[in-house]
Amino acid sequence: MDNTSPPTSVLLATTNEILLDDLLRLAAAASITPVVEPDLVGVRRRWHSCSLVVVGRDLAEPLARAQPAARPGVVVVGSVLDGDDLYRCAFDVGADAVLRLPDDESVLAGKLADAVDGAVRTALTLAFVGGCGGAGATTLASAVAVFGNRRGFRTMLIDGDPLGGGIELALGIERDPGDRWPKLLNASGRVSAAALRSALPSVDGLAVLSWDQSDVTVLPPDTMSSVIGAAQRSSDLVVVDLPRRADPAVEEGFIRAAATLLVVPCDVRSVAAAKRFVGPLRAVAGDLRVVARESRPHGLSAADVATHLSLPLATTVGLERDLPTAMDQGRFDPRPRGPLAKAATNLLDLFTLRQSTAA
């Protein structure tokens, strides 16, 4: 293979069958089918063609004597019983890291997941929550995800509210194949970003994680953290719709978001309800802003809403009267120049997700 070809796989280089069993177990957990080479000829042939090279202690010293070309993504793996000469071998090979099993299994699992995920993205993560019931946070979150996807950004929409109406119902994909939250309840630690995205249903390329009709109503916080982390590694934009309740998993969603948008209708009762929620929300949301939603004629102004809540105003959103009926029919298609599209566009621009910066 041409040395200029892009890395495509993981190479495990060892003659130690016990070590190889451990490495294959970790690779399987990361959904990787690695290339295994038990001799130097095979290792040197594939040296530049693999995204990650894991070299066992048994081959590290002879490999060093062969003076391989310097490259990133090389790890030397030994056991907790190996001495300090393991570091000398790693230095001679040009390794990025020295790992000792079983103590460093989690570190190696992370490197394997990075290898299968490819280039790590830095996703903008926005959390949406209603300041009161029926505020329209889910609708706005869906709009931001849809219009972000239309701009060419790799986008994932996550429904974090098991007791909500279900984002996938509004998008009309409730019968589409793919994983939902209950399938991911045992997810923890490092979740493969590529495997997650490929397992989810999608709408025109927009990956959606929502709920099925099971009785699952609570997520472990580790699951929320791992799944959002995987989404962030495979996306440019992650949109999370979260409920108004104190829950460790919900709090994890707010913590992992770059900004939280509190959607509040422009009326006195809604602002009063939102004000009670702002205090607890500040404790977990790093960048908290308000989106003022028009509710009825002669209501409060958007500036009044922001002032009463002591929050910066991110944008306003008007009523799109024909959208609720369309959503009930499984069609989420805001008018390109309608109030929802305008609000979504304003938010994408506010956080600098412009068309020209899409990868």
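Placed above this text is the structure.
Being a predicted model, the structure only gives us computed values, none of them experimental.

This brings us to the pairing of strand E1 (residues 10-13). Going residue by residue along E1, you find Val10 and Leu12 tucked away on one face and Leu11 and Ala13 tucked away on the opposite face as well. Two strands pair when backbone bridges link them, and E1 and strand E3 (residues 52-56) are joined in this way by four bridges, in the parallel orientation. The partner of alanine 13 across the bridge, within E3, is valine 55. Sheet analysis places E1 next to strand E2 (residues 35-37), joined by three bridges and oriented parallel. Bridging across to E2, alanine 13 finds its partner in glutamate 37.

Where helix H11 (residues 268-282) meets helix H12 (residues 302-309), the closest approach of the two axes is 9 Å, and the angle between their N-to-C directions is 45°. When the interaxial angle is binned, H11 and H12 end up oblique. Note that H11 runs across H12; the crossing there is right-handed. In contact with Val271, Ala274, Lys275, Val278 and Arg282 of H11, H12 contributes Val305, His308 and Leu309. Split by residue class, the contact of H11 with H12 holds five nonpolar, one polar and two charged.

Moving on to the side chain of serine 270. Note that serine 270 resides in helix H11. When sequence neighbours within four positions are dropped, the list of residues in contact with serine 270 reads Gly131, Cys132, Val264 and Pro265.

So, how was this worked out
Residues numbered from 1 in each chain as written. Predicted model: local features only at pLDDT ≥ 70, side-chain atom pairs only at ≥ 80, totals over all residues. Heavy atoms only, no water. Buried < 20%, exposed > 50% of the residue type's maximum accessible area, 1.4 Å probe, protein only. Helix = DSSP H or I, 4+ residues; strand = E, 2+ residues; numbered from the N terminus. Pairing = 2+ DSSP bridges. Axes fitted to C-alpha atoms, helices over the stretch in contact; angles between N-to-C directions. Parallel < 35°, antiparallel > 145°, perpendicular 65-115°, else oblique. Left-handed = near helix turned anticlockwise from the far one by under 90°. Contact = heavy atoms within 4.5 Å. Nonpolar A, V, L, I, M, F, W, Y, C, P; charged D, E, K, R; others polar.

These results come straight from atomic positions and should not be treated as a statement about function.
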